[in-house]
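Given next are the chains, with one letter for each unit.
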Amino acid sequence: MQTRVLDRSELETAAELILAGQLVAFPTETVYGLGASVFHEEAIESIFRVKGRPSDNPLIVHVHSLEQVKEVAREIPPLFYQLAEAFWPGPLTCILKRNSSVPSLVSAGLDSVAVRMPSHKTALELILRAQVPLVGPSANLSGKPSPTSVEHVLEDFKGQIAAVVDGGESEFGIESTVISLLGGKPVILRPGSITQACLEKILGYSLEVEHAVTTGAVVSPGMKYRHYAPKCPIVLVDTMAQLLEQLRAQPQKGKRGSCMVLSHSALNLKSPGIQFHLLSAKTLYSLLRRSDAEGVQVLFVLCDQQMQADEALMNRLMKAASPVV
Ligand code: AMP
Ligand code: MG
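Residues numbered from 1 in each chain as written. Chains lettered and ligands numbered in written order. Predicted model: local features only at pLDDT ≥ 70, side-chain atom pairs only at ≥ 80, totals over all residues. Heavy atoms only, no water.

(A) The arrangement of the overall build of the protein chain in detail. The helix and strand inventory of the protein chain stands at eleven helices and 16 strands. Its C-alpha radius of gyration of 20 Å places the protein chain within 12% of the 20 Å reference for a compact globule of 325 residues. The principal-axis extent of the C-alpha atoms belonging to the protein chain is close to 60 × 50 × 35 Å. Per-residue burial over the protein chain gives 54% buried out of 325 residues. Taking as baseline every contact in the protein chain between residues at least 6 positions apart, the subset at least 24 positions apart corresponds to 68%. Here the protein chain carries 30 positive and 32 negative side-chain charges, and the mean point of each set is 6 Å from the other. (Helix = DSSP H or I, 4+ residues; strand = E, 2+ residues; numbered from the N terminus. Rg over C-alpha atoms; globule rule 2.2 N^0.38 Å. Buried < 20%, exposed > 50% of the residue type's maximum accessible area, 1.4 Å probe, protein only. Contact = heavy atoms within 4.5 Å. Lys, Arg positive; Asp, Glu negative; His and termini not counted. Charge placed at Lys NZ, Arg CZ, Asp CG, Glu CD.)

Laid out in structure tokens, this is it:
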């Protein structure tokens with residue numbers, strides 16, 4: 001299959017491909033999503049197959065209006081409308097009760113559904129043209145860093161999907177915040193650019209954060225898997241002293257390009273074998289992909305206090321650095 005790269009003037013074609021059951025990657029303000037109609041079961045199956053996504057990891061449904069939420073969810077609580085008013089369109093995904101018209105495969109058999117309205121104009125226009133909500137898991141092979149550009153999508157899916165719509169580089173570069181509205185009190189299931197503090201400010205009370213796999217049932221299945229990982233090991237260090245100690249101990253010291261160091265602010269260090277890069281939510285995934293492309297053998301991240309305060313970035317770094325589940 002030839003993967004077409006479409007631009008914003010070709011969204012009608014993209015919508016037609018989707019309605020015919022094809023997969024089309026599209027830009028959002030978080031990362032690129034792999035799009036299919038929420039109601040097309042075969043296309044949903046091919047999303048899991050092409051991504052190599054475990055079948056117990058549910059997909060996020062993207063809508064272009066509040067009206068469209070009713071097509072996929074039922075018994076929508078007032079709390080949802082309060083959050084949507086404050087944060088939609090934008091990087092906030094709400095877990096609601098699933099409408100039976102949504103194939104259970106979309107939600108990996110759960111009775112709930114994850115819904116989000118993206119703010120990216122191209123994403124909104126594509127959903128509008130398709131006239132159906134679109135599932136849009138990150139358009140990367142399962143386990144690999146998420147895509148923040150067309151090139152990243154093609155790296156993983158060239159020849160495997162019908163098309164990708166070019167929307168330039170993703171604005172945030174990190175996935176949406178996921179919040180469950182199923183119980184009385186909302187629970188944050190995945191940190192993202194909309195922070196706990198932003199949500200608490202609107203709600204007026206403090207929130208709980210679900211930490212991956214707890215005892216009993218897994219609340220958000222996707223959180224238990226290793227994610228976002230480059231090929232080489234990642235080592236997180238808290239202080240400059242620890243970083244220097246680690247660098248000194250490197251057996252490949254001096255070998256060109258064998259080591260990459262990421263930090264929040266510029267480091268006054270130079271060493272022939274080591275590349276230094278500035279890290280932010282926006283640059284994280286492209287740097288992880290770059291370390292793969294350049295055959296980096298070990299990646300160090302200096303997680304100073306400022307970086308540790310960034311809950312979304314730290315969540316992704318810890319998952320990327322964690323052992324395979
Ligand atoms: P991705 O689309 O790759 O960014 O991953 C979607 C994330 O949303 C995963 O962490 C899923 O576990 C989570 N998610 C999707 N649907 C649900 C749901 N119905 N209940 C809980 N978490 C969900
Ligand atoms: Mg993903």
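(B) Structural detail: the sheet that holds strand S14 (residues 259-263). Taken in spatial order, the four strands line up as S13-S16-S14-S15 in an open sheet, and their pairing is parallel. If you trace the sheet from one side to the other, it starts and ends with strand S13 (234-237) and strand S15 (274-278), each paired once. Neighbour-to-neighbour, the strand axes of this sheet turn through a mean angle of 20°, independent of strand direction. Lying on the sheet, helix H8 (residues 240-248) is in contact with S13, S14, S15 and strand S16 (298-302); it crosses S16 at an angle near 165°. (Pairing = 2+ DSSP bridges. Axes fitted to C-alpha atoms, helices over the stretch in contact; angles between N-to-C directions.)

(C) Local environment of the packing of helix H4 (residues 78-87) against helix H7 (residues 196-203). Viewed as axis vectors pointing N to C, H4 and H7 meet at an angle of 120°, and their least axial separation amounts to 10 Å. Between H4 and H7, the angle is such that the two are oblique. Our pair here, H4 against H7, has a crossing hand that is right-handed. Contact residues: H4 offers Leu-79, Gln-82, Leu-83, Ala-86 and Phe-87, while H7 offers Cys-198, Leu-199, Ile-202 and Leu-203. (Parallel < 35°, antiparallel > 145°, perpendicular 65-115°, else oblique. Left-handed = near helix turned anticlockwise from the far one by under 90°.)

(D) Highlighting unusual backbone geometry. Residue Pro-89 is reached from Trp-88 by a cis peptide bond, and omega for that bond is -10°. Mapped onto the fold, Pro-89 is located in the loop between H4 and strand S6 (92-98). Of note, the phi angle at Gln-131 is positive, near 60°, even though the residue is not glycine. Its relative accessible area of 63% is what places Gln-131 among the exposed residues.

(E) Fine view of the nonpolar core. Ranked by internal contacts, the top residues of the largest apolar core, which has 47 residues, are Val-69, Phe-80, Trp-88, Leu-92, Val-135, Ile-179 and Leu-199. Within the residue set of this core, elements represented by two or more residues are strand S3 (33-37), helix H2 (41-51), helix H3 (66-72), H4, S6, strand S7 (112-116), helix H6 (150-157) and H7. Apart from residues lying up to four places away in sequence, Trp-88 is in contact with Val-63, Leu-66, Val-69, Phe-80, Leu-83, Cys-94, Val-115, Arg-116 and Met-117. (Core = buried A, V, L, I, M, F, W, Y, C linked by side-chain atoms within 4.5 Å.)

(F) Expanded view of the domain arrangement of the protein chain. For the protein chain, the assigned domains read domain 1 (4-209) and domain 2 (234-321). One C-alpha centre belongs to domain 1, the other to domain 2, and the line joining them spans 30 Å. If you look at the interface, domain 1 gives 24 residues, while domain 2 gives eleven residues. Both sides of the domain 1 and domain 2 interface together cover about 1,400 Å² of buried area, and 54% of this is carbon and sulfur. When the area that domain 1 buries against domain 2 is broken down by residue, the three leading residues are Pro-145, Ile-174 and Pro-191, summing to 40%. Counting across the interface, domain 1 meets domain 2 through three salt bridges. Notably, a salt bridge pairs Asp-156 with Arg-289, separated by 3.0 Å at the nearest N-O pair. At the junction of domain 1 with domain 2, the criterion picks out eight residue pairs in polar contact (both at pLDDT 80 or more). (Domains from an automatic or database assignment. Buried area = accessible area lost by both parts, 1.4 Å probe. Salt bridge = Lys/Arg side-chain N within 4 Å of Asp/Glu carboxyl O. Polar contact = N/O pair within 3.5 Å; in protein donor to acceptor, adjacent residues only side chain to side chain.)

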